[in-house]
Amino acid sequence: QTHLLAVLLAAASNFLISVSLNIQKCAHLRLVCQAEQKPCYRSKLWWCGIALLGLAEMGNFTAYGLAPITLVAPLGCVSVIGSTFISVFFLKKTMRTADILGGTLTITGIYLLVAFTPNVPQELTARQVQNYLVSWPFLVYSILEIIIFCILLYFYKRKAVKHIMVLLMMVALLASLTVIAVKAVSSMIALSVKGKMQLTYSIFYIMIVLMAASCAFQIKFLNQAMHLYEATAVVPINFVFFTTSAIISGVIFYREFQSAALLSVFMFLFGCLLSSLGVIIIARNKKEEHLQIPFIDCGHIPGQKLTGKIQPDSHSSCYGTLNKEDDSVKRQS
């Protein structure tokens, strides 16, 4: 029953994220089309989107405290389905065959995730988190993660490698620490609310610092990836990397598959594969949408006749100069 509540909460939160992003996008479009350009923070619609985003993240935070990481993290695919649903039914866009196929695969994957998720106790005390933090599997995992991250950071800083795989692998490595810290903090807060005080332990504040720091750097690299590459490429790759890193961290740190049957593990991983494949199919070949900036159609200037190309070829000798036919127009001006 607790797992079902966490699933509903995580699914609703991720759908709210898609609604929030579309509202923010709509606010940016309205601001661009206005005669007087204003910053986005002066738009009430934009703030409405930000408020929904904050509410959604609070829901995800709570869900991590109620269910295993391996169940909550893959449900991020709901935001992709939500964006497709909004674009088709509210923004009147065409439903593609890829959307139907991808949505079907993703929903099937979600069902398998819920049905075969590991059944582990979710009440994590501060002492349990401390024990997990110094366990040898996590120490080995941490050392490997630090080595890989340092290698990627070397290529990023010294060699100026800004490849999408490098950026999103760093995001995924940081995300694994974020979900570990989020689950620990959320679980300790939930226990404290029930009367079992956990906020007096130093590990609680260590996890808060780890959560904030890893989340900040994660956003930094993700924003750079979104700036350099199209969202249709970033979204599916980031989802696959994030889900994989979250599952690995849940298995190693919280030992969420320690007593699970082999069939349950196989079906759960198959559900993750279907969800990831569905997200990739939905995002594949989807056209990028650009802001519509108002402009004057030079072919319909009142009182002037179109005598040739408005803008010469950039490789021609007359690029950036007026045509001879326009000399009279220049003298009149």
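Residues numbered from 1 in each chain as written. Predicted model: local features only at pLDDT ≥ 70, side-chain atom pairs only at ≥ 80, totals over all residues. Heavy atoms only, no water.

### Considering the nonpolar core
General note: in soluble globular proteins, nonpolar side chains tend to be found buried as a group.
Argument step 1. Grouped together as the largest cluster of nonpolar side chains are 43 residues, with contacts concentrated most on Tyr64, Ile69, Val129, Met207, Phe253 and Tyr254.
Argument step 2. Counting residues per element, this core draws most heavily on helix 8 (residues 164-193), which supplies seven residues.
Argument step 3. Val129 has contacts with Leu124, Ala184, Ile203, Met207 and Phe253, leaving out every residue within four places of it along the chain.
Argument step 4. Ranked by size, the runner-up nonpolar core spans 14 residues in total, among them Leu152, Tyr156, Leu167 and Leu173. (Core = buried A, V, L, I, M, F, W, Y, C linked by side-chain atoms within 4.5 Å. Buried < 20%, exposed > 50% of the residue type's maximum accessible area, 1.4 Å probe, protein only. Helix = DSSP H or I, 4+ residues; strand = E, 2+ residues; numbered from the N terminus. Contact = heavy atoms within 4.5 Å.)

### Let's talk about helix 2 (residues 44-66)
Argument step 1. Between its first and last C-alpha atoms helix 2 spans 34 Å; for 23 residues at 1.5 Å apiece the expected length is 33 Å, and the two agree.
Argument step 2. For helix 2, the set of buried residues is Trp46, Gly49, Ala56, Gly59, Asn60, Ala63, Tyr64 and Gly65.
Argument step 3. Put simply, Ser43 is the residue that caps the front of helix 2, since its side-chain oxygen is 3.4 Å from the backbone nitrogen of Leu45. (Expected span 1.5 Å × (residues − 1). Polar contact = N/O pair within 3.5 Å; in protein donor to acceptor, adjacent residues only side chain to side chain.)

### Looking at the packing of aromatic side chains
To describe a pair of aromatic rings, you give the distance between the ring centres and the angle between the ring planes.
Argument step 1. Tallied over the full model, the rule gives twelve aromatic pairs.
Argument step 2. Arranged with centres 5.8 Å apart and planes meeting at 85°, the rings of Tyr132 and Tyr254 form a pair that is edge-to-face. Here the residue Tyr132 occupies a position in helix 6 (residues 126-133), and Tyr254 occupies one in the loop between helix 10 (231-253) and helix 11 (262-283), the gap between them amounting to 122 residues.
Argument step 3. Here Tyr132 falls in the buried class, since its relative accessible area comes to 14%.
Argument step 4. Here Tyr254 falls in the buried class, since its relative accessible area comes to 5%.
Argument step 5. Among the aromatic residues, those joined into a cluster by ring pairs are Tyr132, Phe138, Tyr141, Phe253 and Tyr254.
Argument step 6. A cation sits over an aromatic face here: Lys162 above Tyr156, 4.7 Å from the ring centre. (Phe/Tyr/Trp six-rings, centres within 6.5 Å; stacked < 30°, edge-to-face > 60°. Lys NZ or Arg CZ within 6 Å of the ring centre and 35° of its normal.)

### A look at the confidence of the model for the protein
Argument step 1. Mean pLDDT over the protein: 82, with 84% of residues reaching 70 or higher.
Argument step 2. Summarising per-element confidence for the protein, the mean pLDDT is lowest in helix 12 (residues 327-332) (47) and highest in helix 7 (residues 136-157) (94).
Argument step 3. Taken together, the stretch residues 314-322 has pLDDT below 50 and engages in six contacts with residues farther than four places along the chain or on a different chain.
Argument step 4. Taken together, the stretch residues 324-333 has pLDDT below 50 and engages in three contacts with residues farther than four places along the chain or on a different chain. (pLDDT = per-residue confidence, 0-100.)

### What about the packing of helix 5 (residues 97-115) against helix 11?
Argument step 1. Across the interface, helix 5 lies against helix 11 with an axial gap of 7 Å and an inter-helix angle of 160°. The pairing of helix 5 with helix 11 is recorded here as roughly antiparallel in orientation. Considering how the two elements wind past one another, helix 5 and helix 11 form a crossing that is left-handed. Two secondary-structure elements touch here, helix 5 through Ala98, Asp99, Leu101, Gly102, Gly103, Leu105, Thr106, Thr108, Gly109, Ile110, Leu112 and Leu113 and helix 11 through Met267, Phe268, Phe270, Gly271, Cys272, Leu274, Ser275, Leu277, Gly278, Val279, Ile281 and Ile282.
Argument step 2. Class assignment for the residues of the contact of helix 5 with helix 11 results in 15 nonpolar, eight polar and one charged. (Axes fitted to C-alpha atoms, helices over the stretch in contact; angles between N-to-C directions. Parallel < 35°, antiparallel > 145°, perpendicular 65-115°, else oblique. Left-handed = near helix turned anticlockwise from the far one by under 90°. Nonpolar A, V, L, I, M, F, W, Y, C, P; charged D, E, K, R; others polar.)

### Details of unusual backbone geometry
Argument step 1. Look at Ala160: it is not a glycine, yet its phi comes out positive at around 55°.
Argument step 2. Residue position: Ala160 is located in the loop between helix 7 and helix 8.
Argument step 3. One non-glycine residue, Arg255, adopts positive backbone phi at about 50°.
Argument step 4. Turning to its location among the elements, Arg255 is positioned in the loop between helix 10 and helix 11.
Argument step 5. Judged by relative accessible area, which is 31%, Arg255 ranks as partly exposed.

### With respect to the state of the cysteines
Argument step 1. Evaluated as defined, the whole model comprises zero disulfides.
Argument step 2. Left without a disulfide partner, Cys272 is nearest to the cysteine sulfur of Cys77, which lies 9.1 Å away.
Argument step 3. For Cys272, a relative accessible area of 9% corresponds to the buried category. (Disulfide = S-S within 2.5 Å.)

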